[in-house]
Amino acid sequence: MLGNLINQGRIKSPWVVHFDCGSCNGCDIEVLACLTPLYDIERFGIINIGNPKHADVLLVTGTVNQRNKHVLKNIYDQMPGPKAVIAIGACGCTGGVFREAYNVVGGVDKVIPVDVYVPGCPARPEAIIDGVVAALEKVKGLLGMTA
Amino acid sequence: MITKILLAILALVAAPILGALISGVDRRITAWLQSRYGPPILQPFYDVLKLLGKEPMVVNTWQALCAYVYVAAAALSVVLLFIGSDLLLIFFVLTVGAVFLVMGALASPSPYSQIGGQRELLQMLAYEPLLILVFAAIAMVTGSFKVSAVFELSRPLLYDIPLMFIVLGYALTIKLRKSPFDISACHHAHQELVRGVYTEYSGPYLAMIEIAHWYEVILVLGFCGLFWSTSVVGMVVLVALTYLAEIIVDNVTARLTWRWMLKSAVGMGVVLTLINMIWLYAQ
């Protein structure tokens, strides 16, 4: 029964940490827009916690390059499991228009496993919220929850 | 004896549940003040359940010990309050817990955690003299440091030491790390030093600290309740009004620097206490 309660807590309280991996700031503004009273993601128990050690979901925007891939990996490793990663925007998903550049590694999935891709340039706040919900559905599947 | 044991069990079990509900209502009212919808009232329970289920990750084993001592001390101080024990004893137990929280934060070399720990020490330096002054004033009225002595009074403490209630409110804001005194850590989205003193605690250990926070909410509101000990309704109304004022202050003020906090807390505390003591003597 405690296991069930903990699983319910996991679904209802995803704390996010946002990492800008070299984005143009378009997607970052949209991520922060989710916190505003208009979208108010705290309705779903989502908090932008700003600390990887407390976070359950890692939101990554922007292309990964040779210099910040270590930082990204480090942040991912600091998060205690269970955890999920959401790549936001065209750059985060694939590398976007920068994917051919000499210093660019590519999308976030080149460095760490990504659970959900949220496309868009920039991704809309609604799409980002949908992405978090999709990640939760995936977690539900992994935990073997039906409801 | 039996009633004391029952009260102790009530304190251990009901206090954190009530504290969590108060935190949930707090978040809801805060959201309302910011014209948001806000999380469900039960959100603090979901948060702690999730944290309990996370993979334990510690910087070193001392940190885990510190989290456990912190929650044990917070629980013990609430139990002592409920069974009508000594106010000074409650104060010492509370302080030991707070020191362990800081020691856990300082156990890691992370600069955020280090500065958060130092700032938490400064917060303790600001609220502890205030609490001692309040307890001394209560003892002057009742003639004893016993909590049970407060309940033998024929009229509420608020009539005799109203200014000490303001001092207690100040100490309460610093102790609960509410704005403008959310210097060492902050519960809201506007982070300070990542998560300040909480930065290096994670997973189940952070859950312990959350639970300790629920106990502490009940403890400080219990201190406020002592000021209207003659009727239960009066006590509930006084505590509810105090906490509501606390939430509003939390939302309308900006964070102060630690120098401001120390100066204003100690300066105001000493002046208000002096006035109240002179008034008590003159009566």
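Located above this text is the structure these notes cover.
Small disclaimer: the values here were computed from a predicted structure and weren't measured.

Participant: A description of the overall build of chain A should follow, citing residues and the corresponding values.
Facilitator: The secondary structure content of chain A amounts to five helices and seven strands. Along chain A, from the amino end to the carboxyl end, the secondary structure elements read α-β-α-β-β-β-α-β-α-β-β-α. In summary, chain A has a C-alpha radius of gyration of 15 Å against a globular reference of 15 Å for 147 residues, a match within 12%. Principal axes of the C-alpha set define a box for chain A whose edges measure 55 × 30 × 25 Å.

Participant: Can you tell me about the overall build of chain B, naming the residues and giving the values?
Facilitator: Within chain B, the secondary structure is distributed over eleven helices and zero strands. Counting from the amino terminus, helix and strand elements in chain B follow one another as α-α-α-α-α-α-α-α-α-α-α. In terms of overall dimensions, chain B is globule-like: its C-alpha atoms have a radius of gyration of 18 Å, near the 19 Å expected for 283 residues. C-alpha extents for chain B along the principal axes are approximately 55 × 45 × 40 Å. Residues counted as buried form 49% of the 283 residues belonging to chain B. Of all intrachain contacts in chain B linking residues separated by at least 6 positions in sequence, the fraction that spans at least 24 positions is 75%.

Participant: Describe the interface of chain B and chain A, with residues and values.
Facilitator: Tallying the contact residues gives 26 residues for chain B and 21 residues for chain A. If you list the elements that add at least two residues to the side of chain B that touches chain A, you get helix H2 (43-52) and helix H9 (203-225) of chain B. Here the element with the most residues in the side of chain B that touches chain A is H2(B); it accounts for six residues. Of the residues in the side of chain B that touches chain A, the class split is ten nonpolar, nine polar and seven charged.

Participant: Can you break down helix H2 (residues 26-33) of chain A residue by residue, with the values?
Facilitator: All names here are of chain A. Those residues of H2 that fall on the buried side of the exposure criterion are Cys27, Glu30 and Val31. In a view along the axis of H2, the buried residues occupy a sector of 105°, so they form one face of it. Lining the buried residues of H2 we find strand S1 (15-20), strand S3 (57-61), strand S5 (84-88), helix H4 (89-94) and helix H5 (125-143).

Participant: For the sheet that holds S3(A), give the residues involved together with the corresponding values.
Facilitator: Backbone-to-backbone hydrogen bonds pair the strands of a sheet. The strands run either parallel or antiparallel. Residues and elements named next belong to chain A. The five strands lie next to each other as S2-S1-S3-S5-S7, forming an open sheet whose pairing is parallel. Taken across any chain shown, the strands that pair with only one partner, and hence form the sheet edges, are strand S2 (47-48) and strand S7 (116-118). In this sheet, S2 lies alongside S1 in parallel orientation, the contact comprising two bridges. The residue of S2 that forms the bridge with Trp15 is Ile47. Strands in contact with helix H3 (residues 69-78) are S1, S3 and S5; relative to S3, the strand with the most contacts, it is inclined by about 165°. Across the sheet, H5 touches S3, S5 and S7, and the angle it forms with S7 is around 170°.

Participant: Residue-level account of the packing of helix H1 (residues 2-33) of chain B against helix H10 (residues 232-252) of chain B, with values.
Facilitator: All names here are of chain B. In the contact formed by H1 and H10, the axes pass within 10 Å of each other and the chain directions differ by 45°. The pairing of H1 with H10 is recorded here as oblique in orientation. Of the two elements, H1 crosses H10, and the hand of that crossing is right-handed. Where H1 abuts H10, its residues Ile22, Asp26, Ile29, Thr30 and Leu33 lie against Tyr243, Ile247 and Asn251. Partitioning the contact of H1 with H10 into residue classes produces five nonpolar, two polar and one charged.

Participant: Would you mind going over the nonpolar core in detail, with residue names and values included?
Facilitator: One broad trend across soluble globular proteins is that nonpolar side chains are buried collectively. In terms of nonpolar packing, the biggest core is built from 86 residues, with Tyr70(B), Val78(B), Val134(B), Ala171(B) and Tyr215(B) touching the most fellow members. By residue number, the principal contributor to this core is H9(B), which donates 16 residues. Of all hydrophobic cores here, the second largest spans 38 residues; its members include Val16(A), Val60(A), Val118(A) and Ala123(A).

Participant: Tell me about the environment of Pro125(A), and name the residues and values.
Facilitator: Residue and element names in this part refer to chain A. The residue Pro125 is located in helix H5 in this model. With 19 C-beta atoms packed within 10 Å, Pro125 lands in the partly exposed category. The spatial distance from the C-alpha of Pro125 to the C-alpha of Cys21 is 18 Å, given a sequence separation of 104 residues. Those residues within four positions of Pro125 in sequence are excluded, and the remaining contacts are Glu30, Ala33, Cys34 and Tyr39.

Scoring rules and cut-offs
Residues numbered from 1 in each chain as written. Chains lettered and ligands numbered in written order. Predicted model: local features only at pLDDT ≥ 70, side-chain atom pairs only at ≥ 80, totals over all residues. Helix = DSSP H or I, 4+ residues; strand = E, 2+ residues; numbered from the N terminus. Rg over C-alpha atoms; globule rule 2.2 N^0.38 Å. Buried ≥ 20, exposed ≤ 12 C-beta atoms within 10 Å, placed from the backbone. Contact = placed C-beta atoms within 7 Å. Nonpolar A, V, L, I, M, F, W, Y, C, P; charged D, E, K, R; others polar. Arc of directions from axis to C-beta. Pairing = 2+ DSSP bridges. Axes fitted to C-alpha atoms, helices over the stretch in contact; angles between N-to-C directions. Parallel < 35°, antiparallel > 145°, perpendicular 65-115°, else oblique. Left-handed = near helix turned anticlockwise from the far one by under 90°. Core = buried A, V, L, I, M, F, W, Y, C linked by C-beta atoms within 7 Å.

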